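# Residue-level structural notes
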Amino acid sequence: VASREAGRAAAYAKEWGIDRAHGSYEALLSDSAIDAVYIPLPNHLHAEWAIRAARAGKHVLCEKPLALTVAEVDAMEMAARESGVVLAEAVMYRHHPQTLKVKELVDGGAIGAVRFVRATFSFPLSRPDDVRLRPEWGGGCLWDVGCYPLSFTRFLLGAEPVEVFGSQVVGPSGIDE
């Protein structure tokens, strides 16, 4: 585990029984015993640290969204390819047994032909200092949870949507809440 503060990294490592704690991200990337990293940082830091990890020869599991722009995704993909490492977006639901069973049922025709999907994923966010509310950090509900219904539908059906409709509430910071 790594943190910008050695004490925080050590405390987290102790709490979860992790053998190594680094007081900087650079130190973690320099550790030759580390083969892969998980990047759960705020959205605007994903591209930078995924690229740095790839160039350090580490496989990367990056929290979603992988990046905030297509150019960042392209740069991340290039760094991973040039370094011969795997870069993957951390979308865990796709590997959950329940999801795989639903896909199996749909593929097998258990519910008939799917012609319409309506999905919602939301939760109350009442912490005004939450990173999800900072537009300059890639905040907003679409990046955080709004991506799941569309991603799930595409995965489940193995196809792109014909049409997508959405609605939003824009908060005081200008991001979609």
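In what follows, the accompanying structure is described. (Residues numbered from 1 in each chain as written. Predicted model: local features only at pLDDT ≥ 70, side-chain atom pairs only at ≥ 80, totals over all residues. Heavy atoms only, no water.)

## Notes on the nonpolar core
Among the nonpolar cores identified, the biggest contains 21 residues, and Leu29, Val37, Ile39, Trp49, Val60, Cys62 and Met76 are the most heavily contacted of them. The leading source of residues in this core is helix H3 (residues 46-55), at 6 residues. Sequence-distant contacts of Val60, defined by excluding residues within four places in its chain, comprise Val37, Ile39, Ala50, Ala53, Ala54, Val86, Leu87 and Ala88. Residues Val91, Val145, Tyr148 and Phe155 belong to the second largest nonpolar core, which totals 5 residues. (Core = buried A, V, L, I, M, F, W, Y, C linked by side-chain atoms within 4.5 Å. Buried < 20%, exposed > 50% of the residue type's maximum accessible area, 1.4 Å probe, protein only. Helix = DSSP H or I, 4+ residues; strand = E, 2+ residues; numbered from the N terminus. Contact = heavy atoms within 4.5 Å.)

## Considerations on the side chain of Ser3
Mapped onto the fold, Ser3 is located in the segment before helix H1 (6-16). On the accessibility criterion, Ser3 (10% relative accessible area) is buried. Apart from the residues lying within four places of it in its own chain, the contact partners of Ser3 are Arg8, Ala9, His22, Gly23, Ser24 and Tyr25.

## Overview of the packing of aromatic side chains
According to the stated counting rule, one finds 5 aromatic pairs in the structure shown. Both rings, one in Tyr25 and one in Trp49, keep their centres 5.1 Å apart while their planes meet at 75°; by these two values the pair is edge-to-face. With Tyr25 in helix H2 (residues 25-30) and Trp49 in helix H3, the pair connects residues that are 24 residues apart, well separated along the chain. Looking at Trp49, the relative accessible area reads 9%, which means it is buried. On the basis of an interplanar angle of 75° and a centroid distance of 5.8 Å, the ring pair of Tyr93 and Tyr148 is categorised as edge-to-face. Here Tyr93, found in the loop between strand S3 (87-90) and helix H5 (97-107), pairs with Tyr148, found in helix H6 (residues 141-157); they are 55 residues apart in sequence, far enough to count as distant. Taking relative accessible area as the criterion, Tyr93 reaches 11% and is therefore assigned buried. You can call Tyr148 buried: its relative accessible area is 18%. Every member of this aromatic cluster is reached through a ring pair, and the members are Tyr93, Phe121, Tyr148 and Phe152. Over the face of the ring belonging to Phe155 we find Lys103, whose NZ or CZ atom lies 5.6 Å from the ring centre. (Phe/Tyr/Trp six-rings, centres within 6.5 Å; stacked < 30°, edge-to-face > 60°. Lys NZ or Arg CZ within 6 Å of the ring centre and 35° of its normal.)

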